[in-house]
Every structure is written in structure tokens, then in C-alpha cells.
Amino acid sequence: MTWSIIARDEQGRFGIAIASRFFAVGALCVHARGGVGALCTQALMNPTYGPRGLAMLAEGRSAAQVVAALTGSDAGRSQRQLHLLPARGAGAAHTGGDCIGWCGHWQREDFSVAGNMLAGESVIVATAAAYVAHSDLPLAERLIMAMRAGEAEGGDKRGRQSAALRIQGAEDYPELDLRADDHPDPLGELQRLYAVSLERFQPFIACLPRRAQPAGELDRERIEQHITEFHAAHRKAPKT
């Protein structure tokens, strides 16, 4: 009932974008942990795949081993779809034989696209092609553009309802976590929320406590200076 793209950038960050004709698709399908990996569970989703799969990756198992372990012990595996990327190395995916068509997945070196109940294979083909074509964009914008391209090919064949975007850096909390849970144009709403996040949220997040600076930035003048510098350096999000 969904399609998604998971990506890993040169800085080691993970990005996930997902859309569906289902309420709040970002609530249970999207999972990521800094320095470990990112995972999406779809179709007749199994939310336990997220924490269990990330824990296995953190233990040093390969993505293929994680997928085999999760699906091998699941009596509902024929109705599950799962794809993931680790911090290093190849990703892995599973599309169960009883997932509703069109269904399938594409795996590339640093990104993965998977979907089910889609208008056709062209949805994930276009999603992947747009992600590759927009390598000059920031990761979040690149993911949104990729999903918009998939939607232009028909997306979820039942229609539109929700979408989500997560960017996971090295910290335990996400750099960005946006959701449009119930909207007539969820990807459009996601893009609008992303634009709003550039105003103060994204530069402010960079001032919060983190491993390298446990107290974060406490001087409000320096916080405002950082926000000003962020705006000067960051160009506007693309219009579609």
C-alpha cells in the first residue's frame, strides 16, 4: 500500500521518504538509528522489524542476514515488504509473494526503493531515476523530488493520503522528522513543511546538545547568529 526510498549520503546520514494511501504512514513504517542503519516495513507491515532489525545491524550482522532473520521467523512473511540500508555495505530487501501488485524493490549502492500496490513498476523506476538525477540537491530535497517523480507515474494505485520524511544523522535524535498524516496532497504538504523547517527549525536543531557538545549552544546571540548564517548559505528549496 506504499512506496518508499531509503538513502545514505557521503556524510553517513540516512534519509527516508515514504508515501501511501494509508493514514500516518510515517508512524510505524519508518525506522532509523544514527551510525547503524535505516529500515522501512511495508505492505502488511510488521512494526517490530524496525527496532529488532536495527539492533541486529548494531550487533554487526549484514543487511542480508537481518532480512533473513526477520522474515524467516515471521509466519506472515509472504505479506510483508521490507528494505534496509546499513551504515556501510550493501542493503537488502524482501517482497513477499502475497504482496499486492504491482510490488517489488530496487537496490543500488547507496539507496533502495520498494513499493507495493503501485500503479506499476514505473513508479519505483521514476523514483530511483529522479534521486540519481538530483545529486546536486540536499538529501531531504533530493528525496522529496524522487517521491514526486514516482507520484507522477501513478504512485499508490489507490490514491494519496499520507507521507513522511526523516533525516537521521549521527545523533540519537533525527535531524528532521516531518509527517503529513492525512492530507489530499501529502507530498506537496511535506514539501511545504520542509520549506518551513528551513526558517528556524533546521538551524536551531544544529545548536542542540550532541555528543561532541553535550550542553549544546547556550548563548542565544550565537544561536541567532547561526540561524542567520544558515539562511545566508542555504538556497531556497526547489519549486515543483
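The structure contained in this document is the topic of the report that follows. (Residues numbered from 1 in each chain as written. Predicted model: local features only at pLDDT ≥ 70, side-chain atom pairs only at ≥ 80, totals over all residues. Heavy atoms only, no water.)

### Here's the deal with the pairing of strand β10 (residues 176-180)
Burial along β10 is one-sided: the residues Leu176, Leu178 and Ala180 are buried and none of Asp177 and Arg179 is. Bridging between strand β9 (residues 162-168) and β10 involves five bridges; their strand directions are antiparallel. By the bridge assignment for β10, Ala163 is matched with Ala180. (Buried < 20%, exposed > 50% of the residue type's maximum accessible area, 1.4 Å probe, protein only. Helix = DSSP H or I, 4+ residues; strand = E, 2+ residues; numbered from the N terminus. Pairing = 2+ DSSP bridges.)

### Description of the packing of helix α3 (residues 122-133) against helix α4 (residues 139-152)
As a packed pair, α3 and α4 sit with axes 7 Å apart at the nearest point and diverge in direction by 150°. As the angle between them shows, α3 and α4 are arranged roughly antiparallel. Crossing of α3 against α4: the hand is right-handed. Between α3, through Val123, Ala126, Thr127, Ala130, Tyr131 and Val132, and α4, the contact on the second element is made entirely by Leu139, Arg142, Leu143, Met145, Ala146, Met147, Ala149 and Gly150. Tallied by class, the residues present in the contact of α3 with α4 amount to eleven nonpolar, two polar and one charged. (Axes fitted to C-alpha atoms, helices over the stretch in contact; angles between N-to-C directions. Parallel < 35°, antiparallel > 145°, perpendicular 65-115°, else oblique. Left-handed = near helix turned anticlockwise from the far one by under 90°. Contact = heavy atoms within 4.5 Å. Nonpolar A, V, L, I, M, F, W, Y, C, P; charged D, E, K, R; others polar.)

### A closer look at the pattern of salt bridges
Enumeration over the complete set of coordinates arrives at 18 salt bridges. The partner of Arg200 in a salt bridge is Glu224, with the nearest N and O atoms 2.6 Å apart. With a gap of 24 residues between them, Arg200 in the loop between α5 (186-197) and α6 (201-205) and Glu224 in helix α7 (residues 220-233) connect regions that are remote in the sequence. One continuous salt-bridge network, built from bridges that share partners, spans Arg148, Glu151, Arg160 and Asp185. (Salt bridge = Lys/Arg side-chain N within 4 Å of Asp/Glu carboxyl O.)

### Looking at the nonpolar core
Residues Ile5, Tyr131, Leu143 and Leu165 are the most contacted members of the largest nonpolar core, which totals 29 residues. Ranked by the residues each element gives to this core, the list is headed by α4, at six residues. Ignoring anything within four residues of it in the chain, the contact list for Tyr131 reads Ile5, Ala7, Phe111, Leu139, Arg142, Leu143 and Ala146. Counting residues in hydrophobic clusters, the runner-up holds 13 residues, among them Val36, Tyr49, Leu82 and Ala92. (Core = buried A, V, L, I, M, F, W, Y, C linked by side-chain atoms within 4.5 Å.)

### Overview of the environment of Arg220
Within the secondary structure layout, Arg220 lies in helix α7. Residue classification places Arg220 among the exposed positions, given a relative accessible area of 70%.

### As for α7
Between its first and last C-alpha atoms α7 spans 20 Å; for 14 residues at 1.5 Å apiece the expected length is 20 Å, and the two agree. Among all positions of α7, only Ile223, Ile227 and Phe230 are buried. Buried residues of α7, seen end-on, are gathered within an arc of 60° and therefore sit on one face of the element. In α7, the exposed positions angled more than 90 degrees off the buried face are occupied by Glu221, Thr228, Ala232 and Ala233. Where α7 is buried, its residues meet α6. In this structure Asp219 caps α7, since a side-chain oxygen of it lies 2.9 Å from the backbone nitrogen of Glu221. (Expected span 1.5 Å × (residues − 1). Arc of directions from axis to C-beta. Polar contact = N/O pair within 3.5 Å; in protein donor to acceptor, adjacent residues only side chain to side chain.)

### Here we look at the pairing of strand β3 (residues 30-33)
As defined by bridge partners, β3 adjoins strand β4 (residues 37-43) across four bridges and the pair is classed as antiparallel. Bridge assignment links Ala32 to a residue of β4, and that residue is Ala38. The loop that links β3 with its antiparallel partner β4 comprises three residues; one of these, Gly35, has a positive phi angle of about 75°.

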